[in-house]
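Secondary and tertiary structure notes
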Amino acid sequence: MKKLLVFLLALCMVFTVVACGGGSDDEGEATDVKVGFICLHDENSTYDLNFINAAREVVAALGIPEENYILRVNVPEGQECYDVACEMVDEGCDIIFADSFGHEDFMIQAAMENPDVQFCHATGTKAHTQGLDNYHNAFASIYEGRYLYGVAAGLKLQEMIDAGEFTAEEAKIGYVGAFTYAEVISGYTAFYLGVKSVVPTVTMEVTFTGSWYDEAMEKEAANNLIANGCKLIGQHADSMGAPTACEEAGVPNVSYNGSTKAACPNTYILTTRINWVPYYTYAINCVINGEAIDADWTGTLENGAVEILDLNEAVAAEGTAEALEQVRAALLDGSLHVFDTSTFTVNGETLTSYMADVDTDANYTGDTEVISNGVFMESHFRSAPYFDLQIDGITLLDSAF
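Residues numbered from 1 in each chain as written. Predicted model: local features only at pLDDT ≥ 70, side-chain atom pairs only at ≥ 80, totals over all residues. Heavy atoms only, no water.

Considering the overall build of the protein
Note the cut-off: The helix and strand labels rest on DSSP assignments: H or I over at least four residues marks a helix, E over at least two residues marks a strand, and numbering proceeds from the N terminus. Only C-alpha atoms enter the radius of gyration; for comparison, a globular chain is expected to reach 2.2 Å times N to the power 0.38, where N is the number of residues. Remark: exposure states derive from per-residue accessible area (1.4 Å probe, protein chains only) relative to the maximum for the residue type, with buried under 20%, exposed over 50%, and partly exposed in between. We call two residues in contact when some of their heavy atoms are within 4.5 Å. We get accessible surface area from the Shrake-Rupley algorithm with a probe of 1.4 Å; when it comes to residues, only the shown protein chains can shield them. Asp and Glu are treated as the negative residues and Lys and Arg as the positive ones, with His and the ends of the chain left uncounted. Note that the charge is assigned to NZ on lysines, CZ on arginines, CG on aspartates and CD on glutamates.
Helix and strand counts for the protein come out as eleven helices and 17 strands. Relative to the globule expectation of 21 Å for 401 residues, the C-alpha radius of gyration of the protein, 21 Å, shows essentially globular dimensions. With 401 residues in all, the protein has 55% of them scored as buried. Here the analysis covers contacts within the protein between residues at least 6 apart in sequence; of these, 68% occur between residues at least 24 apart. For the protein, the accessible surface area stands at approximately 15,700 Å², while carbon and sulfur atoms represent 50% of it. Here the protein contributes 16 positively and 61 negatively charged side chains, and the mean placements of these two sets differ by 9 Å.

The structure is reproduced here in structure tokens:
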């Protein structure tokens, strides 16, 4: 599996260079480009570390000199983001990336005032309606990665059932979420559906912390889920809080954006992440060669932006690697869809139509039909998730905010 992922990533990087001109002699040079990266937190956050590692990898691979690479960490989702972006413009940056949802409006403000600089924002929703030539959104179909590690979690759950640790009717899992955004809802629903594909009787409880990064709160949330009888834990949060709680309690878990195998060798199963190398390579090469950057870019399993990594064979159920290869192949060839509406219900009903909020407004008004041929078309009409349905089998607990 790792060899296949490396091959796909290498293929993607070759494709992006070719698509944007490949650095021909009559176009720009990597040494002339200055790049800025804005991160919500620092390397202690698994989410931000994932961006930081990708930035460093791409800068090195493209031969961008160290003095032409600027990284700013711990930049809040407020006016500070705009200020930092403007500082980067003043320092000569040709392209600036920001990594957190709440950075968007401030990146847009900076883009409007600096039309000659490219601004790229991860997880945002407004580029396709904003109409700015120099403002862009990017995300990935990470719900496919979450479905895959849901399958791995389901196999572990079934192994525990078969061993007599609990019955199929007692198969309850938990999920620590940050906010009640569509991005989080899409992720935990995909995870649940992956588990459910293996253990049809599974139910799930979800709790929210109201923060992307709060180790104490995330650990408390995981402990509460475990105390409620959850047999396995997933998360969409950025610290070691939930994995640490699981390791201490002996509860299997999956992680996001980075492996926790070293810290949690007895409970960690698998991780999924968005690999930002393909997007950074694509966008920077477009600047180098004077090409337009897509307003909305979606990374996939196929182009190497969605990855499942570091399966812990010591914890995972036997046959997990082989099962994941089969499921991954089905996702790639289109014979399997994560949000196949025949696999879930909402208030007891199978959906045939749903208007999602794709063109973001303050009231999150549904504006786009997103169900086609029995599939909820996530990340099709824009890169950032818009799956915000509460499906049957998942219970939302009182939030911490």
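After that view, the rundown keeps rolling.
Comments concerning unusual backbone geometry
Notably, N257 is not glycine yet its phi reads approximately 80°, a positive angle. Despite not being glycine, S379 shows a phi value in the positive range, around 55°. Examined against the element boundaries, S379 turns out to sit in the loop between β16 (375-376) and β17 (394-396). Taking relative accessible area as the criterion, S379 reaches 9% and is therefore assigned buried.

Looking at the packing of helix α6 (residues 142-162) against helix α11 (residues 320-333)
This is how it is decided: To define axes, lines are fitted to C-alpha atoms, for helices over the stretch in contact only, and angles between the resulting N-to-C directions are given on a 0 to 180 degree scale. A clockwise turn of the near helix away from the far one marks a right-handed crossing, whereas an anticlockwise turn of less than a right angle marks a left-handed crossing. Ten residue types, Ala, Val, Leu, Ile, Met, Phe, Trp, Tyr, Cys and Pro, are classed as nonpolar, four, Asp, Glu, Lys and Arg, as charged, and the remainder, Gly among them, as polar.
One can describe the packing of α6 onto α11 by two numbers: an axis separation of 10 Å at closest approach and a directional angle of 150°. Relative to α11, the crossing made by α6 is right-handed. Where α6 abuts α11, its residues E144, Y147, L148, V151, A152 and L155 lie against T320, A323, L324, V327, R328 and L331. Broken down by class, the residue content of the contact of α6 with α11 amounts to nine nonpolar, one polar and two charged.

Structural notes on the side chain of S45
Threshold: Identification of polar contacts relies on pairs of N or O atoms within 3.5 Å, with a donor-acceptor requirement for protein atoms, meaning one able to donate a hydrogen and the other able to accept it, and with residues adjacent in sequence counted only if both atoms are side-chain atoms.
Here S45 lies in the loop between β1 (35-38) and α2 (46-62). By relative accessible area, which is 0% here, S45 ends up buried. Within polar-contact distance, the side chain of S45 engages the side chain of D48 at 2.8 Å. Once you skip the residues sitting within four places of it in the chain, S45 turns out to touch Y213 and D238.

Distances and angles like these do not, on their own, reveal function.
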